[in-house]
Amino acid sequence: MKKVSGKVYGIIFSLLISLVMSLFMSFFMLIINVGFIDGFFVAWMWSTAIGLVIGFPIAAVAVPLIQKLLKKYLVVDD
């Protein structure tokens, strides 16, 4: 297993979460709004790219803040 700093882990985590969410959300929103059209895959990838450009910076800021907030007010019972 490769060791990384907490900062690098946070960046990778935010990027992957943003990518997965952008892929799924853009796919279903495109189906709901226009259906399976000619050029669906290109439109889907374009929508995913836009979602990633917007979502990654938001996730990079929001995830650590939310984690910090939850740790402050909640205790996890294992």
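This report concerns the structure included in the present document. From a predicted model like this one, the values you see are computed outputs, not experimental measurements. Chains are numbered independently. Their residues run from 1 in the order of the written sequence. Predicted model: local features are reported for residues with pLDDT of at least 70 only, side-chain atom pairs are reported and counted for 80 or more only, and whole-chain, interface and lining totals are derived from all residues. Here the side-chain values reflect all heavy atoms present in the structure, with hydrogen atoms and water set aside.

**A word on the packing of aromatic side chains**
Note on aromatic pairs: each is described by the distance of the centres and the angle between the planes. Selection criterion: The aromatic pairing rule takes the rings of Phe, Tyr and Trp, using the six-membered ring of Trp, and pairs them if the centres are within 6.5 Å, calling planes under 30 degrees apart stacked, those over 60 edge-to-face and the rest tilted.
This model, assessed by the stated rule, comprises 8 aromatic pairs. On the numbers, 5.1 Å between centres and 90° between planes, the contact of F27 with F28 is edge-to-face.

**A few points about a nonpolar patch on the surface**
For clarity, the cut-off: Grouping into patches uses exposed residues only, defined as over 30% relative accessible area, and leaves out salt-bridged ones; the cut-off is 9 Å for like charges and 5 Å for nonpolar side chains (Val, Leu, Ile, Met, Phe, Trp, Tyr). In this description, accessible areas are obtained by the Shrake-Rupley approach with a 1.4 Å probe, and a residue is regarded as covered only by the protein chains that are shown. Any Lys or Arg side-chain nitrogen found within 4 Å of a carboxyl oxygen on Asp or Glu counts as a salt bridge. Each helix corresponds to a stretch of at least 4 residues labelled H or I by DSSP, and each strand to a stretch of at least 2 residues labelled E; elements are numbered beginning at the N terminus.
A cluster of nonpolar side chains, V4, V8, Y9, I12, F13, L16, I17, L19, M21, M25 and M29, forms an exposed patch at the surface whose accessible area comes to about 980 Å². One can find V8 in helix α1 (residues 6-34).

**Regarding the layout of surface pockets**
We count it as follows: Buried and open spaces are told apart on a 1 Å grid over the protein atoms alone, a cavity being a set of points where a 1.4 Å probe fits but cannot get out and a pocket being an open set with protein on both sides within 12 Å along at least five of seven lines. Residues with an atom within 4 Å of a point are the lining residues. Grid points are joined across faces, edges and corners, and a volume is the space filled by probe spheres set on the points.
As a volume, the largest pocket reaches approximately 310 Å³. Contributions of two or more residues to the lining of the largest pocket are made by α1 and α2 (40-73). Sorting elements by how many residues they give to the lining of the largest pocket places α1 first, with 9 residues.

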